[in-house]
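Structural overview for review
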Amino acid sequence: MTDSMLQSKIPAGPIADKWDNYKADMKLVNPNNKRKFKVLVVGSGLAGSSAAATLAELGYDVEVFTFHDSPRRAHSIAAQGGINAAKNYRGDGDSIHRLFYDTIKGGDFRAREGNVHRLAQVSVNIIDQMVAQGVPFAREYGGLLDTRSFGGSQLQRTFYARGQTGQQLLLGAYQQLARQIGIGGVKLWNRVELVDVVNIDGRCAGIVTRDLVNGEIRSHSGHAVVLATGGYGNAFFLSTNAMMCNVTAAWRAHRKGAYFANPCYTQIHPTCIPQADDTQSKLTLMSESLRNDGRVWVPLNVGDNRPAAEIPEAERDYYLERLYPSFGNLAPRDISSRAAKRAVDSGRGVGPLKNGVYLDFSAAIARLGKDVVKERYGNLFDMYERITGENPYDIPMRIYPASHYTMGGLWVDYELMTTIPGLYAAGEANFSDHGANRLGASALMQGLADGYFVLPYTIGNYLAPMLNKPVPGVDHEAFKTAENDGRARFQGFLDIRGKRSPDWFHRELGKIIWDRCGMERTAEGLQQALTDIPALYDEFKTDLRVTGNGASLNQTLEKAGRVDDFFQLGMLMCRDALERNESAGGHFRAEYQDDEGEAARDDENFAHVAAWEFTGDPMQSNRHKEELEFETIHLAKRSYK
Amino acid sequence: MSHHLENLTLKIWRQSAPADGGHFESYRIDSISDEASFLEMLDVLNEKLIDEGLEAITFDHDCREGICGTCSLMIDGQAHGPQRGTATCQLHMRTFKSGDEIVVEPWRATAFPIVKDLMVDRSPLDRIVEAGGYITATTGGAPDANIIPIPKPVADAAMDAAECIGCGACVAACPNGAANLFTAAKVSHLNLLPQGQAERWSRVEAMVETMDEHFGSCTNHGECEAACPKSISLDFIALMHKDYRRAKVKNRKLISQI
């Protein structure tokens, strides 16, 4: 049964009418009254920038907080492949319903129907909006927009801008935000990090931040707060996330009462460059779009150490084409990742460390010519060569799965509000749309949907009744307490004076989470992790060494706070994975698989969202349930064969 | 297989605060894998410094995929180091050899004051975008995306300009500290597209004049293009100058915006 705190607030009516019904019923704020409401937006990626710019255009008083030097640096910028939209420009049978269905199925039937249908509906508006802003999407010779395929879909619904779609979309949203900053609609706080969320009288009253340049702790009050602070993939230490991506804002909100949903749903992306050595600080993604033309294979036989070109066709195992003939190399990410892991675990891995599989373009180059391949993927090939020193036009790429995206996040209702009234979560920071596995090219879609076409409506519905009612300012005692707690926390890291750096702890923590709560999980392994992580965390609290001081820019101190939060999150990830006694999407429990090794869901007992309530210790958090109701789609076995 | 470089000497700029004078300090790296990126080499050095109880070297970095534009560094006097078309985060140690002495400095430009060590403040670049580096298209009223066909060569040229990552290498490499390549990339991206025509002339005016408030003047050295990790072409500067000149002589009210 759904817990009373977790009312999803899905509007009544047939699935296709719900969003329209919501908009017809929602409360409005008069244009002249909007400036009386202050909205604080934390994060400046696709969701944050688009929400802030749109709210400011509507007339709200908006402030944006980013820990970067410029809002344009947010990690949305690194998304390569594309953005999905149900435009059906190809006439290949796409529709809002089909995108809705593919997304629910792609998420292994663990997402909320109402949210996902709305996402599919507004996907078409996103493309219109971004083109109007000047995003230079790829075009056909006739001047119309080009599209391509992505994993988990049999249609060509993915719009792209070379291999830099995320960059171009983020710059579009950033430019719109910059316009508002220039004309005074938005106040920007850069090089500032969230330290705490402050609740007064049962609603979110604002935030406390730390200025990274001078260490100043400062309160900000507002009528509503949006966390658009991204995902927690860096819990694994090695991931495709940027170095500064962290869970801190979401985790601090969680500690103050926001439930954290499905933390065990993490996405391991199948096509990343394998780790080269121990100095590695991050892994680099090679866009999924490469699987349109690249063929994945390993040698058929264990111990075949010949160079790729010398292995004859008959002695190669194109395992995705063999196992999933209808989707082939474009099988979804979770499935492709597990298949790669099995190939490597069977001893057939390739490369100097035998830790990769081939992604081979020789057939595409023979069919299309080198120029066409270069036109499609040139910048990705160049990047690969810069990192590995190998030319992928001549030698097949080597790839291996890596942590990439997190479907879990702060629990939100249909309005994207967390369990703290007035606190919203958008983009990757929330849990809402991707279920247990996200399809390629859907992250950009969700970030922009939340920021452009959902929050600007739903926040108004919350603010309207607050008109002309006073809200507490930053001199309120609750802000002062939070400021003092924040100062004490950072001073505490400096005062430990132990022997190990924050990075050392992060690396060790990441290894535990990757081994025990990565691509394949077992009850035994998770229990071990739940012993190992607290033990390492105890060591962190007594043996951490942070050099420098707290009153000037100190990246070691920043890192200490982030690693502290990753420790606590890591425990929750493992507890969530242990409690979910089924396999679904990116959460693969070895005990729950069918005869062919595919994920075996348990719809009777686990067709629900697990939302965790913080009680002071992540090892003691309470698990709450939101039952998922499937009114439109029939639960089915997810097959890509 | 990976090989190791031995006995590297790093001369790194240390500066505790904007007002501090700053100085070079020498550090030794006994051995580092040639698979390590330049920034991973600095990570290893920082770990060593923390082990010794010393403060780590501050440097800006984030995506380490050459796209966010956060990393910087003058390496042996070259913005983003010796490899053409490559940001510092994508530079790997295989570019160097055992025994090398490598000099590492922050971006040097009046418009980019040093925050600490190798980190600078590049926010004047944001001021240029805020002045006009956008198309005014408020959320909600956009027409269908395919309503205006854009010839592929035009879309491709706009994309070539739009690839700028805003790292500021062009400014750091320029003997005048000019930001013309950065500004021209954004002006050209938007001014080439049909959607950008309505604000074409006001955009170029506002952006160029804001640029001039913060940065030096362009004298066509071309160092910017050579340093640019995205190899953005100098041609865009010519396009910007031409649009700026036309904007100044055009009677925009009576003839037309376009």
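It should be emphasised that the depicted structure is a prediction, and the values quoted were computed from it without experimental measurement. Per chain, residue numbering runs from 1 following the sequence as it is written. Think of it this way: whatever chain is written first is A, whatever ligand is written first is 1, and the rest follow in order. Local features in a predicted model are, by the rule used here, given only for residues with pLDDT of at least 70; side-chain atom pairs are given and counted only at 80 or more, and totals for whole chains, interfaces and linings are based on all residues. Side-chain descriptors were evaluated using all non-hydrogen atoms of the structure, hydrogens and water having been removed beforehand.

With respect to the overall build of chain A
Put simply, the rule reads: Only DSSP runs of H or I reaching four residues or more are called helices, and only runs of E reaching two or more are called strands; each is numbered from the N terminus. We compute the radius of gyration from the C-alpha atoms alone; for a globule the expected value is 2.2 Å times N to the 0.38, where N is the number of residues. Relative accessibility decides the category of a residue: with a 1.4 Å probe and only protein chains considered, values under 20% of the type maximum give buried, values over 50% give exposed, and everything between is partly exposed. To measure how exposed things are, a 1.4 Å probe is used in the Shrake-Rupley method; for residues, cover is taken only from the protein chains shown. Counted as positive: Lys and Arg. Counted as negative: Asp and Glu. His and the chain ends are not counted at all. Lysine's charge is taken at NZ, arginine's at CZ, aspartate's at CG and glutamate's at CD.
A count of helical and extended segments in chain A gives 16 helices and 20 strands. Here the C-alpha atoms of chain A give a radius of gyration of 24 Å, agreeing with the 26 Å that 2.2 N^0.38 yields for 641 residues. In terms of overall dimensions, chain A has C-alpha extents of about 75 × 60 × 50 Å along its principal axes. Sorting the 641 residues of chain A into buried and exposed places 68% on the buried side. As displayed, chain A offers around 20,400 Å² of accessible surface, 48% of which is attributable to carbon and sulfur atoms. In chain A, 73 side chains carry a positive charge and 79 a negative one; their mean positions are 4 Å apart.

Overview of the domain arrangement of chain A
All names here are of chain A. Where we set the bar: Throughout, the edges of the domains are those of an automatic or database domain assignment. In this description, contact between two residues means that some pair of their heavy atoms is separated by no more than 4.5 Å. A 1.4 Å probe defines the accessible area here, and the buried area is the portion of it lost by two parts on being joined, summed over both. For this document, the term salt bridge refers to a Lys or Arg side-chain nitrogen within 4 Å of an Asp or Glu carboxyl oxygen. Polar contact criterion, stated in full: a pair of N or O atoms within 3.5 Å, where within protein one must be able to donate a hydrogen and the other to accept it, and residues adjacent in sequence count only if both atoms are side-chain atoms. The nonpolar class holds Ala, Val, Leu, Ile, Met, Phe, Trp, Tyr, Cys and Pro. Asp, Glu, Lys and Arg form the charged class, and all remaining residues, Gly among them, are polar.
Under the domain assignment, chain A is made up of domain 1 (15-265 + 407-466) and domain 2 (269-404). Here domain 1 and domain 2 have C-alpha centroids that lie 31 Å from each other. At the junction of the two partners, domain 1 supplies 24 residues and domain 2 supplies 28 residues. Both sides together, the interface formed by domain 1 and domain 2 hides about 2,200 Å², and carbon and sulfur atoms give 51% of it. Considering only the side of domain 1, the residues that lose the most area to domain 2 are Gln80, Leu238 and Thr240, jointly responsible for 30% of the buried surface there. Linking domain 1 with domain 2 are zero salt bridges. Across the domain 1-domain 2 interface, the total number found is eleven residue pairs in polar contact (both at pLDDT 80 or more). When grouped by side-chain class, the residues that make up the side of domain 1 that touches domain 2 number seven nonpolar, 15 polar and two charged.

Some points on the interface of chain A and chain B
Each partner contributes to the interface: chain A provides 80 residues, whereas chain B provides 78 residues. In total, about 6,500 Å² of surface goes out of reach between chain A and chain B, with carbon and sulfur atoms giving 50% of it. On the surface where chain A and chain B come into contact, there are seven salt bridges. The salt bridge involving Asp69(A) is made with Arg122(B); its shortest N-O contact spans 3.2 Å.

Here's the deal with the packing of aromatic side chains
Residue and element names in this part refer to chain A. Rules: What counts as a ring pair is set by centres within 6.5 Å for rings of Phe, Tyr and Trp (its six-membered ring), and what kind of pair is set by the plane angle: stacked under 30 degrees, edge-to-face over 60, tilted for all other angles.
Taken as a whole, this structure holds 32 aromatic pairs over all chains when the rule is applied. Judged by centre distance (6.2 Å) and plane angle (45 degrees), the ring pair of Trp297 and Tyr318 falls under tilted. Remark: Tyr318 occurs in the loop between strand S14 (316-317) and helix H7 (319-323) and Trp297 occurs in strand S13 (residues 295-299); sequence separation between them is 21 residues. Taken as a pair, Trp297 and Tyr318 share a single burial class, namely buried.

Comments concerning the nonpolar core
Most often, soluble globular proteins have nonpolar side chains that are buried together. Inclusion rule: For the purposes of this section, nonpolar cores are sets of buried Ala, Val, Leu, Ile, Met, Phe, Trp, Tyr and Cys residues that join through side-chain atoms within 4.5 Å.
Counting residues in hydrophobic clusters, the biggest one holds 263 residues, and the most contacted among them are Ile83(A), Phe137(A), Leu463(A), Phe38(B) and Met93(B). Considering every element that reaches this core, the biggest residue donor is helix H15 (residues 555-579) of chain A, with twelve residues. With near-sequence residues (within four places) excluded, Phe137(A) lies in contact with Ile83(A), Ile127(A), Met130(A), Val131(A), Leu145(A), Phe159(A), Tyr160(A), Ala161(A), Thr165(A), Leu169(A) and Ala155(B).

Some details on the side chain of Thr248(A)
Relative to the assigned elements, Thr248(A) resides in helix H6 (residues 248-255). Residue classification places Thr248(A) among the buried positions, given a relative accessible area of 4%.

Considering the sheet that holds strand S9 (residues 217-221) of chain A
The pairing of strands in a sheet happens through backbone hydrogen bonds and is either parallel or antiparallel. Residue and element names in this part refer to chain A. Rules: Two strands are said to pair when DSSP picks up at least two bridges between them. Helix axes are fitted only over the stretch in contact, all axes being lines through C-alpha atoms; the angle between N-to-C directions runs from 0 to 180 degrees.
Spatially, three strands are ordered S7-S8-S9 in an open sheet, and the strand pairing comes out antiparallel. In this open sheet, the two strands that pair with only one neighbour each are strand S7 (192-200) and S9. Ignoring strand direction, the axes of neighbouring strands in this sheet form an average angle of 25 degrees. As paired elements, strand S8 (residues 203-211) and S9 share five bridges and run antiparallel to each other. Bridging across to S9, Gly206 finds its partner in Ser221.

Thoughts on the pattern of salt bridges
All names here are of chain B. Summed over all chains, the structure comprises 69 salt bridges over all chains. Here Asp43 ties to Arg64 by a salt bridge, and the two come within 2.7 Å at their closest N and O atoms. Here Arg64 lies in the loop between helix H1 (38-51) and strand S3 (74-75) and Asp43 lies in helix H1, a separation of 21 residues in the sequence. Relative accessible area serves as the criterion here: at 17%, Asp43 is assigned to the buried category. Classification of Arg64 by relative accessible area gives buried; the value is 4%. The shortest N-O distance in the salt bridge between Lys116 and Glu55 comes to 2.7 Å.

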